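Structure at a glance
Chain by chain, the residues run as shown.
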Amino acid sequence: MNQYVLFLFLGLGLGAVYASIGMGLVLTYRGTGVINFAVAAVATVPVYVYNELERNGQFKVIAGIPAITTGTPSKPVALLVALAVAGALGALIHFAVSNPLRHAPVLARIVASVGVLGIVAANLGLAFGTETRNVVDLLPGTSVTIAGATIPVPRLWLVALTLLVGGALAAWTRLSKTGLAIQASAENERSAGLAGLSPQRLALVTWMLATVLTSLVLVCAGSILSPLTPSATQILVVPGLAVAIVGRLRSLVLALVSGLVMGALTAVLTYMSGVYTWWPSWARQGISTAIPFIVIVIALYTVGSSIPSRGDEATSPLPPVVLPRNRPWMVALLTVAALVALLGFTGTNRFGLITTLASLLIMLSIVLLTGMVGQVTLAQAAFAGVTGFVLMKLQDGVPFPLSAIIAIVIATLVGVAVALPALRIRGAQLAVVTLAAALVLQDLVFNNVRLLPVDPRIPAPHIGGLSLAIQAGSNIARWQFGVLTLTLVVIVTVVVANVMRGGYGRRLLGVRSNERAAASIGISVEATKVTAFAMSAALAGLGGVLISYSYGAFSAATFSAWAGLTVLAAAYVGGITSVSGAIVASLGVQGGIVYVLIAPHVGAIQSYYDLVAGLLLVLTVLLNPNGIAGKVHEDLNAFRERRRRIAATPLGDDAADESRAQAWSPSPSVAEVSSATRTIGDVVLRATGVGVNYGGLVALNDLDLEVRAGEIVGLIGPNGSGKTTFVDAISGFVPARGRVVVGDAELNGRSPHDRARHGLVRTWQSLELFADLSSGDNVRLATEGSTPWRLLRDAVAPNRDRAAAAEEAISLLQLEEWADKKPSELPLGRQKLLGVARALAMRPRVLVLDEPAAGLDNNESAEFGRYLRAVAATGVGCLLIDHDMGLVMGVCDRVYVIEFGHLIAAGAPDEVRRSPRVIEAYLGSAADPADEAIASVAGALATEGAS
C-alpha cells in the first residue's frame, strides 16, 4: 500500500505541472481566444535561463547572441530573472503574433501558434544545446514519511505552490477589476470595447500573466523535468490541453483539480503496469500520453459543445480555395520535367527529389482535409508513419504491392478512428485531438520497444524479377524507384485534382463554408468529414509507404508528432488550399530537393532549418495567409481582371441606371407563370403538436400547421414569437416534440440532411450561401449525390454532366448571368434568389423560406413575391416566414399567426388581417393607419396572384 501512496504523491507533483500548463492555456484563451500550443515550450525557456544561471553563472536567451557572464546569483535572484524573461516572452508573442491575428480565422491562429512552438524549440536547441541536463530542485526540503512511504518534500511544496497560485489566480479573475474585465471581454469583445475596456491591453495582461505563472511552476518543478531536453517539455502541452478542456477553457479551478488528478492517475497506472502480470506488456509504455488523449476525447464528447468561443469576434475567412483546372499539357510538362530531373540527378540530389515527390502526397492530404474541408489536422505524419510501421511488421511475410496496400488500408482505418471526434468538433479542438493522437501513436506504437522487431528493416519492393529497390551497393537512389514514385505521384495528383474540382469537391467546400447549410440541402456532414479523413489518411499513408521504402527501415523520428507540425507548417507556407501549393510545399521539406541543393552552400542549414521554418511560417500567417502559391494565383487573377476591365466598354450613366432598374425585373415567362392560376393539391407538409422547450422556457407550444402542394402558406408573428424556432424544429436543427410528416414520410427523429432528402428543404434568413463556390455551383451542389460510385466517377471524369433540376432552378429564377460569380459578388436580391434556387434544385415537396425579404425594399419584395409564385406554380408547397406584411398578405393563400409560441389565428389573408386578436397582438389598433398601408402595399400582389 505504501507504494501506492508514494506514486500518488509523486503523481501529484507531475499533476502540478499539468495543472500549471492547463491554467496557462485557460487564461490565455479567456483573454485572447487563442489555444496556445506553444505554452509548454515557451515556459521551458525560463527553466533553461534559471538552470544556466545556476550552473554556469551565464545569462542567455537567444541563439547567436553571446552569453552574459553574471556570476552565480542566489536562487531567488535567478528565479526573478527567469520570470522576467517569461513576462518579456509573453509580451513579445502578444505584440508580434497574437494581436495582429486577433481577427484571423482559427486555422491561422493554430498555424501561428505552431510556428511559435517551432521557433522556441529550435532556439532552445541552438542556444542551450540538445544534450540532457539534470535539474536540481529549487524548492527546499528532503523527504518525509507518509503512510509508510518516503515522499520528497519538494513535491509537496510544488503542489502547495500550484494550489496557491491557482487559487489566487481564480480569485483574481473573479474579484479584481482587471479579472472581471477579462471575463467580460471573453464574453463579448465588442461590447467590452464599447464599455471602455481595451481588449488588446487585457490580452497583453493575460499573455504575460499566463507565461509567468506557468514558468514559475516549471522552474520550481526541478527534478520532475529531469532529464531536461529542449524537446522533452514540449510534450507536456498535451496533458495541459487535456485539463484545460476538462475546464472547458474557462474554469481555472477545474483545470487545477483535473491536472492534479490526472497526474496522480498517470503515476499510479504507471506503477501498476510494472508490477501486475495481467497488464499487457505492450501497454507499459506511452501511458503518460495515452491518458491525456483519452481524457481529451471524452471531455470533448461530453462538454465540447459548451466550450465558449470568443464573443462577437469579426473573423476573416479562410484562405480561398484554388480549384485545379483540367490542363493535360501542364501535367505532361511537369511529369516530363520531373522524369528528366530524376534521370539527370544522381546520389543525394536524386534522393532529395524522391523525398520531395513522396512528401507531395502528404501535402496533398493536408490540402484535401484542411484546405478543402477546414478540418485542422496535426496527425498527417503519424498517419504516414502507420504505413511504415506496418511494412516493418510484415517484412517478408507479404509481397509487394499487397504489403503496401495493407499498410495503406490500416492507415486509412486509423484516420477514420481519429476522425470520429470530428463529427462533433472542428477547428482548434480538432487540432488538439489530432495532436494528442499523433503523440499516442508516437509513444505507444512507433517508439514501443515491445512492438518493434529486432530488425526494423523494410524489404525493398519487387515486381516479379524486377527490383524496385532504392539502393543497390553504392547507388543510394536508383532511377527505377524514382520512376515508380513519380508514376504513383502523378496518378494520385491527377485523381486528387479531379476530386477537388468535381461534385465531391463541391461537397467538401460546402461543408467547409457552412456545415448547417450543407445539411439543409441533404449533405451528410458527418459522412463527408469521415470520407475526407479517410482519403486524407490514405494519401498520407501512400506517402509514408514511399518514404519508408526509400529509407529501407522504419524511423520513428521521421513520423513523430513534431514532424506532423513541420508538415502542416510547410503546407501552409506553400499554400494550403491548392494543388500547386502542395507542390511548392513539397519542394521545401527537410531533405527535399531544394534542401539538398542548397545544403552544400549553406553550412549551418541543418542547425537553423527548424528556426528558419518557424519564422517563415509565422511571417506567412501574418503577411501572406494565402501562402506562396495562393499569392501567385491572387496576383494572376488581379492582372487578368485589370486586363478585362481595360478591354471592356464601360456603361454610361444612363445605361448603368437602366441596368440597375432592370436588375429585379422578371422575364415575361416568369411574370406569366406567377400570375397564372395555381393548382392547390394534397397536403405535402403536416406538422402536428410541434413544441420546443429551452430549459423551463416554452419557445413553441404544440403548433399544428399544414401546407398543400402549390400553396403558399404564411407564418407570421412578432419578434420572439417562435417562427424561426418552428422552422428549425421541423427541419431537424433543434430537438422538438410532435410529428412532422412530408407526404407519407414520418420525419421525426431524422437528421436535417435526411429530412431534406425526403423533400423538406429550407432557406435561411442569413442566406448561408457557400462562399467558396460559384453561384451556379451553389445550386448544383444540391443535386449531387455522395455514393462511392459518384466519388470514383469524379476521380476519373469530374463535371461530366449537370443535373437538369439545377439548371431549371437557375433558369426559373433568372440567375444564368450570375452563375459564374461568387455569391458575394451578387446584389442582395440575387443572393436571396440564389438561396431559393439552391433549395429548389432538390425538387422539394415543401420549401420553407425563413425571412427571404429581409433587407429588401418594397419594390424588391414585390418582385420576390412574383418569383415565389412562379416557384409555387411548379407544384411545390411553400411555407413563408417574413416580417414584410405586404409580401405575406399579398402572396400567401393562407396565413398562420403565432404569439409567444402559441397559435392565435389562421385563415385567408383578409381574415387574418381583420382578426381583432391579430390586430391587438401584431398589427396594432384597428384604426392604425399602418394597417391600411400594409393593405395598400399588399394590394398589387394580392390582386395579381389570386388563386
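See the structure shown above.
Residues numbered from 1 in each chain as written. Predicted model: local features only at pLDDT ≥ 70, side-chain atom pairs only at ≥ 80, totals over all residues. Heavy atoms only, no water.

All right, on to helix H34 (residues 858-872) then. Note that an α-helix has 3.6 residues per turn; residues three or four places apart therefore point the same way. For H34, which comprises 15 residues, the first-to-last C-alpha distance of 21 Å matches the rise-based estimate of 21 Å (1.5 Å per residue) to within 8%. Most of H34 is tucked away: eleven of the 15 residues are buried. Three or more residues of H34 are buried, namely Ser861, Glu863, Phe864, Gly865, Arg866, Tyr867, Leu868, Arg869, Ala870, Val871 and Ala872. At the N-terminal boundary of H34, the capping side chain belongs to Asp857, with an oxygen 3.2 Å from the backbone nitrogen of Asn859. (Helix = DSSP H or I, 4+ residues; strand = E, 2+ residues; numbered from the N terminus. Expected span 1.5 Å × (residues − 1). Buried < 20%, exposed > 50% of the residue type's maximum accessible area, 1.4 Å probe, protein only. Polar contact = N/O pair within 3.5 Å; in protein donor to acceptor, adjacent residues only side chain to side chain.)

With that settled, the discussion passes to the environment of Leu792. Tracing the backbone shows Leu792 in helix H31 (residues 788-796). In the structure, Leu792 is positioned 297 residues away from Val495 in sequence and 9.3 Å away in space, judged by C-alpha atoms.

Further remarks concern the environment of Arg109. Within the secondary structure, Arg109 sits in helix H4 (residues 106-128). Sequence-wise, Arg109 and Val97 are twelve residues apart; in three dimensions their C-alpha atoms are separated by 8.8 Å. One polar contact links the side chain of Arg109 to the main-chain carbonyl oxygen of Arg102, over a distance of 2.4 Å.

A pair of packed helices is captured by two measures, namely the crossing angle of their axes and the spacing between those axes. Helix H16 (residues 428-446) packs onto helix H9 (residues 237-246) with a crossing angle of 140° between their chain directions and a minimal axis gap of 10 Å. Accordingly, the angle class assigned to the pair H9 and H16 is oblique. Once H9 is placed against H16, the crossing between them reads as left-handed. When H9 is examined against H16, the residues Val237, Val238, Leu241 and Ile245 are found in contact with a partner set consisting of Val432, Leu435, Ala436 and Leu439. (Axes fitted to C-alpha atoms, helices over the stretch in contact; angles between N-to-C directions. Parallel < 35°, antiparallel > 145°, perpendicular 65-115°, else oblique. Left-handed = near helix turned anticlockwise from the far one by under 90°. Contact = heavy atoms within 4.5 Å.)

Turning to the packing of aromatic side chains, a few remarks are in order. Across all of its chains, the model carries twelve aromatic pairs by this definition. On the numbers, 6.3 Å between centres and 40° between planes, the contact of Phe389 with Phe446 is tilted. Of the two residues, Phe389 is situated in helix H14 (residues 380-394) and Phe446 in helix H16; the sequence distance between them amounts to 57 residues. The two residues Phe389 and Phe446 agree in class, both being buried. Here the aromatic residues Phe389, Phe446, Phe554 and Phe559 are joined through ring pairs into a cluster of three or more. For Arg762, the ring lying beneath its charged end belongs to Trp764, and the centroid distance is 3.6 Å. Directly above the ring of Phe770 sits Arg838, whose terminal nitrogen or CZ lies 4.6 Å from the centroid. (Phe/Tyr/Trp six-rings, centres within 6.5 Å; stacked < 30°, edge-to-face > 60°. Lys NZ or Arg CZ within 6 Å of the ring centre and 35° of its normal.)

Here we come to the nonpolar core. Counting 272 residues, the largest nonpolar core has Phe37, Leu158, Ile296, Leu435 and Phe446 as the members making the most contacts within it. The greatest single-element share of this core, amounting to 16 residues, is contributed by helix H13 (residues 347-373). Apart from the residues lying within four places of it in its own chain, the contact partners of Phe37 are Ile110, Ser113, Leu117, Val237, Leu241, Leu378, Ala428, Ala431, Val432 and Leu435. The next biggest cluster of nonpolar side chains, apart from the first, holds 28 residues, and it includes Val713, Phe726, Leu760 and Tyr896. (Core = buried A, V, L, I, M, F, W, Y, C linked by side-chain atoms within 4.5 Å.)

Pairing is mixed across the open sheet formed by six strands, whose spatial order is S12-S13-S14-S9-S15-S16. Here the strands that pair on one side only, and so sit at the sheet edges, are strand S12 (760-762) and strand S16 (902-907). Adjacent strand axes in the sheet meet at a mean angle of 20°, parallel and antiparallel pairs treated alike. Alignment of strand S9 (residues 712-716) against strand S15 (residues 894-899), held across four bridges, turns out to be parallel. Bridge pairing in S15 places Gly714 opposite Val895. On top of the sheet, helix H28 (residues 723-730) reaches S9, S12, strand S13 (846-850), strand S14 (877-881) and S15; it is set at about 145° to S14, its chief contact. Along the sheet, H34 makes contact with S9, S13 and S14, crossing S14 at roughly 150°. (Pairing = 2+ DSSP bridges.)

Our focus in this paragraph is the pattern of salt bridges. What the rule picks out here adds up to 22 salt bridges. Across the salt bridge formed by Glu706 and Arg686, the nearest N and O atoms sit 3.2 Å from each other. Taken together, the positions of Glu706 in strand S8 (residues 697-708) and Arg686 in strand S7 (residues 683-694) put the pair 20 residues apart, joining distant regions of the chain. Arg686 gets classed as partly exposed once you look at its relative accessible area, which sits at 35%. A salt bridge links Asp910 to Arg914; the nearest nitrogen and oxygen atoms lie 3.8 Å apart. Residue classification places Asp910 among the partly exposed positions, given a relative accessible area of 45%. In the salt-bridge network here, residues are joined through shared partners; they are Arg506, Asp777, Arg780, Glu784 and Glu807. (Salt bridge = Lys/Arg side-chain N within 4 Å of Asp/Glu carboxyl O.)

This part covers the sheet that holds strand S11 (residues 745-746). Strand order across the open sheet formed by four strands is S8-S7-S10-S11, with antiparallel pairing between neighbours. Two strands close off the open sheet at either side, each with one partner strand: S8 and S11. The pairing of strand S10 (residues 737-742) with S11 spans two bridges and is classified as antiparallel. Opposite Val742, over in S11, you have Ala745 as the bridge partner. Sheet strands touched by H28: S7, S8 and S10. Its angle to S7, the strand with the most contacts, is close to 110°.

We now examine the environment of Val779. Along the chain, Val779 turns up in helix H30 (residues 775-781). C-alpha of Val779 to C-alpha of Ala837: the two residues are 58 residues apart in sequence and 6.2 Å apart in space. Excluding residues within four positions of it along the chain, Val779 makes contact with Ala806, Ala809, Ile810, Leu834, Ala837, Arg838 and Ala841.

Another point: the pairing of S7. Bridging between S7 and S8 involves eight bridges; their strand directions are antiparallel. By the bridge assignment for S8, Leu685 is matched with Val707. Where S7 folds back onto S8 in an antiparallel hairpin, the turn is made up of two residues, including Gly695, whose phi is positive at roughly 65°. With five bridges connecting them, S7 and S10 associate as antiparallel partners.

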